[in-house]
Amino acid sequence: MTGTVGDFLVERLYQWGVRRIFGYPGDGINGVFGALSRAKGKIEFIQARHEEMAAFMASAHAKFTGELGVCMATSGPGASHLLTGLYDARMDHQPVLAIVGQQARAALGGHYQQELDLLSMFKDVAGAFVQQASTPEQVRHLLDRAVRTAVGERRVTAIILPNDLQDLPYNEPPRAHGTVHSGIGYSKPRVLPFDEDLQRAADVLNAGQKVAVLVGAGALQATEQVIAIAEILGAGVAKALLGKAVLPDDLPWVTGSIGLLGTEPSYQLMTECDTLLMIGSGFPYSEFLPKEGQARGVQIDLQPDMLSLRYPMEVNLVGDASETLRTLLPLLEHKTDRRWRDKVETWRAQWDKTVAKRALVKADPINPQRVVHELSPRLPDHAIITSDSGSCANWFARDLQIRQGMQCSLSGGLACMGAAVPYAIAAKFAHPQRAVVALVGDGAMQMNNLAELITVAKYWQQWDNPQWICAVFNNEDLNQVTWEQRVMEGDPKFEASQSIPDVPYHLFAISIGLQGIYVDREEDVAAAWERALAADRPVLIEFKTDPNVPPLPPHIKLEQAKKFATTLLKGDPDQAGIIVQTAKQVLSSVLPGKK
């Protein structure tokens, strides 16, 4: 082809199947932006308000489509701003390519303006492949290898392009010693364990009387197989947060989320099982898994370094979840004794009553659980839900009921604030016909998500369906950390670090042409959701929620109870509200002076 290095790069990305890039411009990457303009829409460019948000969008694009996510930024601060979003992709094993500019080749090493050592800076987050181009002929194999590594290994990769190189005429590498002639194309392999290893796994699972299954993001494409396995084994199934959409919550043996944000039946499932099957999950908290030696274990994962990491497994299977389970199924024996399954379903039924009762407890002014409780039955089919990190993730984990065909995600391994709105934007671009809902705390909105509403205002009229909703939990508190201080440290709320300004988020939405709704009465929550879902444009709903509703863990440890009691004895600025709401949430037995 003729044209510049930038033109070649854009065309090669198109040949690799890239149709959307998220980013922000700057002079260090202008040569590629010029090429994007000359390509006349072959690849759509989405302009975020900040490079970090663009990287989150690329991560979310990979999560919600299974495709390569691509983000782009200029040199210096533009490149460094990408890092947090790229770490989100890296820790959640998402294929993302970062394309970043650099200062002119002749200036490098001269302490030039915006000259950072980008190779060193990206070496950790994009350690699978990061290279800086020095000649036009090099760009072809750098791009091919970066894309193939990202999609083949589900890793983050990066290419660094000096700005003067981008505008040079592109030349194909000559047929000469010292050149590389790469090609495009990647086909996902069928990854299966050997038959004898599958039989060993089947022997363990067949011997179990009380089988528990834990699914994560690696099982998202294996819903049918997970259901079949659970039915044959009479198992209960818990879900890691990134695996929340693996199974619909209307199945009575699905116990919901696991961990600090998890449910009581998931805790009981792990406490009493004698066999554990873990599928595609890197769930980090070993204390919520069976005690070591309690259960025999089988794990399935594509990445060998994730096997037997959280619990000592007896059989470790490297394989794709759906293919491995499909091959394992004929080796399993149907369990006729369903007493364990019946017990799991009883736990789940009791929990449903408990969590509904908690959501309807009166608070001042709104119980945050009520917000998500009222949303669940009103969600359209095939909706996509994103959540931020913080206390809103508790209600996302416990109160949101997923139906078949829905998708949902959040920043899992990184657990980063500020991901919900860029995730929801990327989801809407990937699936413009589907309803998208972001659940966000006021801390994340103030940190960086408020500005991304401008991105929504810029693009929403391109979407086939205007249903895009951002729900803000406004409690004027960095609430998750406040409760962690109380329960984990035994310290009262430190107002200097925890209290944040009261901002009229709904009015900001209105000021930029979106719809804004303000809700400060619990009886208005359901109607607000219905109004938002019927709106003719994207909506921000601001719920004024009570910061003193405790995000209760599924099991209160004695040490946590002691530290919580110590907090109250020391005197907390919100002590009266804490006592009232904690008592209402059935924690009165741990409070001093209560019987």
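Residues numbered from 1 in each chain as written. Predicted model: local features only at pLDDT ≥ 70, side-chain atom pairs only at ≥ 80, totals over all residues. Heavy atoms only, no water.

1. Digging into the UniProt feature "domain: Thiamine pyrophosphate enzyme TPP-binding" (unreviewed entry) in the protein chain
Where we set the bar: UniProt positions are given in the numbering used here, feature names are shortened, and annotations may be inferred rather than shown by experiment. Segments assigned H or I by DSSP are reported as helices when at least four residues long, segments assigned E as strands when at least two residues long, and all are numbered from the N terminus.
Per the UniProt record, "domain: Thiamine pyrophosphate enzyme TPP-binding" (unreviewed entry) is annotated on residues 388-543. A helix fraction of 44% and a strand fraction of 17% characterise residues 388-543, whose end C-alpha atoms lie 15 Å from each other.

2. Overview of the packing of helix 14 (residues 368-375) against helix 21 (residues 525-533)
Defined as follows: Fitting a line to C-alpha atoms yields each axis, with helices limited to the stretch in contact; the angle taken between N-to-C directions then spans 0 to 180 degrees. Geometric relationships in this document are graded by angle, where less than 35 degrees denotes roughly parallel, more than 145 denotes roughly antiparallel, 65 to 115 denotes roughly perpendicular, and other angles denote oblique. Helix crossings are classified by the rotation of the near helix relative to the far one: an anticlockwise turn of less than a right angle makes the crossing left-handed, while a clockwise turn makes it right-handed. Here a residue-residue contact requires only that any non-hydrogen atoms of the pair lie within 4.5 Å. Under the scheme applied here, ten amino acids are nonpolar (Ala, Val, Leu, Ile, Met, Phe, Trp, Tyr, Cys and Pro), four are charged (Asp, Glu, Lys and Arg), and all others, including Gly, are polar.
Contact geometry for helix 14 and helix 21: axes closest at 9 Å, N-to-C directions at 50°. One element, helix 14, and the other, helix 21, form an angle in the oblique class. Helix 14 and helix 21 meet at a crossing whose hand is right-handed. Only Val 525, Ala 526 and Trp 529 of helix 21 make contact with helix 14, whose side of the interface consists of Arg 370, Val 371, Glu 374 and Leu 375. Its residues assigned to classes, the contact of helix 14 with helix 21 comprises five nonpolar, no polar and two charged.

3. Looking at the sheet that holds strand 8 (residues 236-239)
Counted only if it meets this: Two strands pair under a simple rule: DSSP has to find at least two bridges between them.
Ordered in space as 9-8-7-10-11-12, the six strands form an open sheet in which the pairing is parallel. Of all strands in the sheet, those bounded by a partner on one side alone are strand 9 (254-257) and strand 12 (315-318). The sheet shows a mean angle of 15° between the axes of neighbouring strands, direction not considered. In this sheet, strand 11 (residues 296-301) lies alongside strand 10 (residues 275-279) in parallel orientation, the contact comprising five bridges. Note that in strand 11 the partner of Thr 275 across the bridge is Arg 296. Lying on the sheet, helix 12 (residues 321-328) is in contact with strand 10, strand 11 and strand 12; it crosses strand 11 at an angle near 130°.

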